[in-house]
Amino acid sequence: MAVPLPDPPPHPDAGTPPTSDRVGRVEAHGIDVIPDSERHGRARELFAVWAAPNVSYLSLVVGGALTLTGLTLWQASAVIVVGNLCWAFVGLVAVSGPAAGTPSQVITRAMFGILGNRANIAVTGWFASVCYLALSWAAASLAAFSLVAELGVPVGTGVKVVVIVGIAVLTLAISVYGHATIVRLYLPFTLALSAVFAVLAGCVLAHSGGGHRPAHALHGGALWAALAGGVTLVASAPLSYSNSADFARYLPRTTSPLAIAGWTALGGFLPSVVFTALGALAGTTLDMSDPQSALETILPAWFRPAFLLAVVLGAIANNAMTAYSSGLALQSMGLRIRRSRSVALDGALGVSLTLYALLVSNFLNTVSSMLELMVVLMGPSMAVYATDILWRRNRYHGPDLADETHGSPFWYTAGVNWAGITALVTGAVAAALCLNTPLFTGPIARVEGGADLSLPVGILVSAAVYLTMMRSRRPDPAAHDGRR
């Protein structure tokens, strides 16, 4: 096969946004390779991109859930820090974006093969994204219903439909306009949300006691089970973001990988730790089984609308990124439509699920349970991705990754890289054996007294299997200049 010509040098005006990616214009690129002449931006912009969706109500919910399991505030705080260390994986994955100039959904062809990757993305990318869209929109809609009620408007079915659709339209508008608009909006989003949650923190601190002790202190196996389950719960959030290359791929390829990884990881880690800990603190004095109602009881009347609006805005920030990546996932699965239309298609499906959930049947409990089970795939999937980046030394060639023909370097065997598929399946099976959720408890978890070790086991097993199988097919020297 002919060796591809080297990529052109970076454009002299690489710091200036191109017409294909400007604020207020629909982003022109989808899963195609971003040429060097259109690369722009700085790594530090990634901090706000990842901070905005994580200054969120969901963080408060997770923190409150930790105290409901019987953990003390200090134990919950330790769990929060340890679980959020998984943001390092998100930072590592982000460095592959500028190297390849393509989104995560294309880069993973190197791990799973052209056809194998379609199956992987269908489950870990597209399906999970649509479920998260529905769950997050449902939570935002409930807050918006309360906000509308605060304004004295009767909340009937018609009003609910208008609210749900309105939130979705705002979310999808950001997603359709795309990368440049997300980068521009998410800094003011981060500042506004942080201001609201700072006031909320003051209210929580004013009502919290310093001597909280659980009604029934945990010891021995029960304590270790709660700690392990808590870490898995907290870590499931960063592990769901294997799409971080999507938002870094416009950066010039000369951008420091350390800066890319650092700003991405810090943007997710810092707000997640702070606001999940705030939720845990709230759980020491409030019944966080119904977080929104519990928090509203300690808020002054003038501040409640601002709090509810922040819940909605946080969900919009989170779902705009999710919808953006789900649109790329559809394209990478072989759907030949523009990114803006693929985003709209996923958005319509997400809205339909949300309307059904809130107006017809509370099936979101089932969806939530499915996502709990998907941690057995999320951890191994992220581990395979991270291992491949380290193994290849982050040397990816965008045009090779974009080649879907039988002659592609990533066609492997009949379109499948069995090293990636085997590692993913083996890691998922190992994780399932150690899983402990209300829906399913694995045999190893039962033997270990309920301790959920699915996260470390799934990550370690999948990484070890992938590295072992790929070491036997070490790339030839041409691959080391980024051609494979």
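By convention here, each chain's residues receive numbers from 1 onward along its written sequence. Selection of residues for local features in this predicted model requires a pLDDT of at least 70, selection of side-chain atom pairs for listing and counting requires 80 or more, and totals for whole chains, interfaces and linings are taken over all residues. Here the side-chain values reflect all heavy atoms present in the structure, with hydrogen atoms and water set aside.

A. Region of the structure containing the overall build of the protein chain. Counting from the N terminus, the helices are the DSSP runs of H or I reaching at least four residues and the strands are the DSSP runs of E reaching at least two. In terms of regular secondary structure, the protein chain is built from 21 helices and zero strands. Both definitions apply: the radius of gyration is a C-alpha atom measure, and the globule rule equals 2.2 Å times residues to the power 0.38. The C-alpha atoms of the protein chain give 22 Å as radius of gyration, which agrees with the globular expectation for 484 residues (23 Å, within 12%). Judged by the C-alpha coordinates and their principal axes, the protein chain covers about 70 × 55 × 40 Å. Method for areas: the Shrake-Rupley scheme with a 1.4 Å probe, in which residue coverage is limited to the protein chains shown. Accessible surface for the protein chain amounts to roughly 19300 Å². Of this, 68% is attributable to carbon and sulfur atoms. The averaged location of the 23 negative side-chain charges in the protein chain is 4 Å from the averaged location of its 26 positive side-chain charges. Think of it this way: Lys and Arg go in the positive column, Asp and Glu in the negative one, and His and the chain ends go nowhere. In this description, the location of a charge corresponds to atom NZ of lysine, CZ of arginine, CG of aspartate or CD of glutamate.

B. Inspection of the pattern of salt bridges at higher detail. Each salt bridge in this description consists of a side-chain nitrogen of Lys or Arg and a carboxyl oxygen of Asp or Glu lying within 4 Å of one another. Across all of its chains, the model carries eight salt bridges by this definition. Measuring nitrogen to oxygen at the nearest pair gives 3.0 Å for the salt bridge that ties D36 to R253. Here R253 lies in the loop between α11 (220–239) and α12 (257–282) and D36 lies in the segment before α1 (45–51), a separation of 217 residues in the sequence. A relative accessible area of 5% means that D36 is categorised as buried. Overlapping salt bridges, with partners in common, bring together R109, R118, R336 and E404 in one network. To sort residues, take the accessible area from a 1.4 Å probe on protein chains only and compare it with the maximum for the residue type: under 20% means buried, over 50% means exposed, and anything in between is partly exposed.

C. Representation of helix α10 (residues 179–207) in the model. Taking 1.5 Å per residue as the helical rise, α10 with its 29 residues ought to reach 42 Å, and the 41 Å between its terminal C-alpha atoms agrees with that figure. We define the bend at each residue as the angle formed by axes fitted to the 7 residues ending at it and the 7 residues starting at it. Along α10, the sharpest change in direction is near 30° and occurs at Y186; proline P188 comes one to four residues later. The length a helix should cover is 1.5 Å for every residue beyond the first.

D. Quick look at empty space enclosed by the protein. With a 1 Å grid laid over protein atoms only, a set of points is called a cavity when a 1.4 Å probe fits there but cannot get out and a pocket when it is open yet has protein on both sides within 12 Å along at least five of seven lines; lining residues have an atom within 4 Å of a point. Grid points are joined across faces, edges and corners, and a volume is the space filled by probe spheres set on the points. Under the definition given, this model contains two cavities of 30 Å³ or more. In this structure, the second largest cavity encloses a volume near 40 Å³. As for the second largest cavity, its lining consists of R42, E45, L46, V49, H179, V183, F247 and L251. For the lining of the second largest cavity, the secondary-structure elements that each account for two or more residues are α1 and α10. At three residues, the largest contribution of residues to the lining of the second largest cavity is made by α1. Under the scheme applied, nonpolar residues are Ala, Val, Leu, Ile, Met, Phe, Trp, Tyr, Cys and Pro; charged residues are Asp, Glu, Lys and Arg; polar residues are all the others, including Gly. Considering only residue class, the lining of the second largest cavity consists of five nonpolar, one polar and two charged.

E. Region of the structure containing unusual backbone geometry. Positive phi is not limited to glycine here, since R393 has a value of about 60°. Assessed through its relative accessible area of 59%, R393 is described here as exposed. The phi dihedral of A414 is positive, around 55°, even though this residue is not glycine. Assignment of secondary structure puts A414 in the loop between α18 (398–402) and α19 (418–433). A relative accessible area of 57% means that A414 is categorised as exposed.

F. Focus on the packing of aromatic side chains. What counts as a ring pair is set by centres within 6.5 Å for rings of Phe, Tyr and Trp (its six-membered ring), and what kind of pair is set by the plane angle: stacked under 30 degrees, edge-to-face over 60, tilted for all other angles. Counting across every chain of the model gives eleven aromatic pairs. Considering the side-chain rings of F247 and Y324, the 5.3 Å spacing of their centres and the 35° angle between planes classify their relative orientation as tilted. On the criterion of sequence distance, the pair formed by F247 in the loop between α11 and α12 and Y324 in helix α14 (residues 304–332) is long-range, its members being 77 residues apart. According to the relative accessible area criterion, F247 is buried, its value standing at 3%. Of the residues examined, Y324 reaches a relative accessible area of 0% and is grouped as buried. Consider the rings of W302 and F303, whose centres lie 5.6 Å apart with planes at 65°: the pair is edge-to-face.

G. Representation of the confidence of the model for the protein chain within the structure. By definition, pLDDT measures how confident the predictor is in each residue, and it falls between 0 and 100. Chain-level statistics for the protein chain give a pLDDT mean of 88 and a share of 90% at 70 or above. When mean pLDDT is taken per element in the protein chain, helix α4 (residues 87–94) scores highest with 98 and helix α16 (residues 364–373) scores lowest with 59. A low-confidence stretch, residues 1–14 (pLDDT under 50), is modelled with 22 contacts involving residues beyond four sequence positions or located in other chains. Across residues 476–484, confidence stays below pLDDT 50; counting only partners more than four residues off in sequence or on other chains, it has 22 contacts. Two residues form a contact once any of their heavy atoms are found within 4.5 Å.

H. Quick peek at the side chain of N117. Along the polypeptide, N117 turns up in helix α8 (residues 114–150). For this analysis, a polar contact is any N or O atom pair within 3.5 Å, provided that within protein one partner can donate a hydrogen and the other can accept it, and provided that sequence-adjacent residues contribute only side-chain to side-chain pairs. Polar side-chain contacts of N117 include one of 2.8 Å to the backbone oxygen of Q105.

I. Region of the structure containing the nonpolar core. W50, M111, Y186, L200 and F307 are the most contacted members of the largest nonpolar core, which totals 120 residues. For this core, the leading source of residues is α14, giving 13 residues. The contacts of L200, once residues within four sequence positions are left out, are L60, L278, L295, L299, F303 and F307. In plain words, nonpolar cores are sets of buried Ala, Val, Leu, Ile, Met, Phe, Trp, Tyr and Cys residues tied together by side-chain atoms within 4.5 Å.

J. Fine view of α4. For α4, the set of buried residues is W87, V90, G91, V93 and A94. Looking straight down α4, one finds that the buried residues subtend no more than 160° of arc, so they occupy a single side. Comment: arc refers to directions from the helix axis out to C-beta atoms.

K. Representation of the state of the cysteines. Pairs of cysteine sulfur atoms within 2.5 Å are identified as disulfides in what follows. Enumeration over the complete set of coordinates arrives at zero disulfides. Cysteine C434 is unpaired, with the sulfur of C86 as its nearest cysteine sulfur at 16 Å. Its relative accessible area of 4% is what places C434 among the buried residues.

L. Structural view of the packing of α8 against α14. Where α8 contacts α14, the two axes come as close as 8 Å, and the packing angle between them is 160°. In terms of axis orientation, α8 runs roughly antiparallel to α14. Relative to α14, α8 is oriented so that their crossing is left-handed. Of the residues assigned to the contact of α8 with α14, the class counts are 19 nonpolar, eight polar and three charged. The axes used here are C-alpha line fits, helices contributing only the stretch in contact, and every angle between their N-to-C directions lies in the interval 0 to 180 degrees. Our angle categories are set so that under 35 degrees counts as roughly parallel, over 145 as roughly antiparallel, 65 to 115 as roughly perpendicular, and the remainder as oblique. A crossing counts as left-handed when the near helix is turned anticlockwise from the far one by less than a right angle, and as right-handed when that turn is clockwise.

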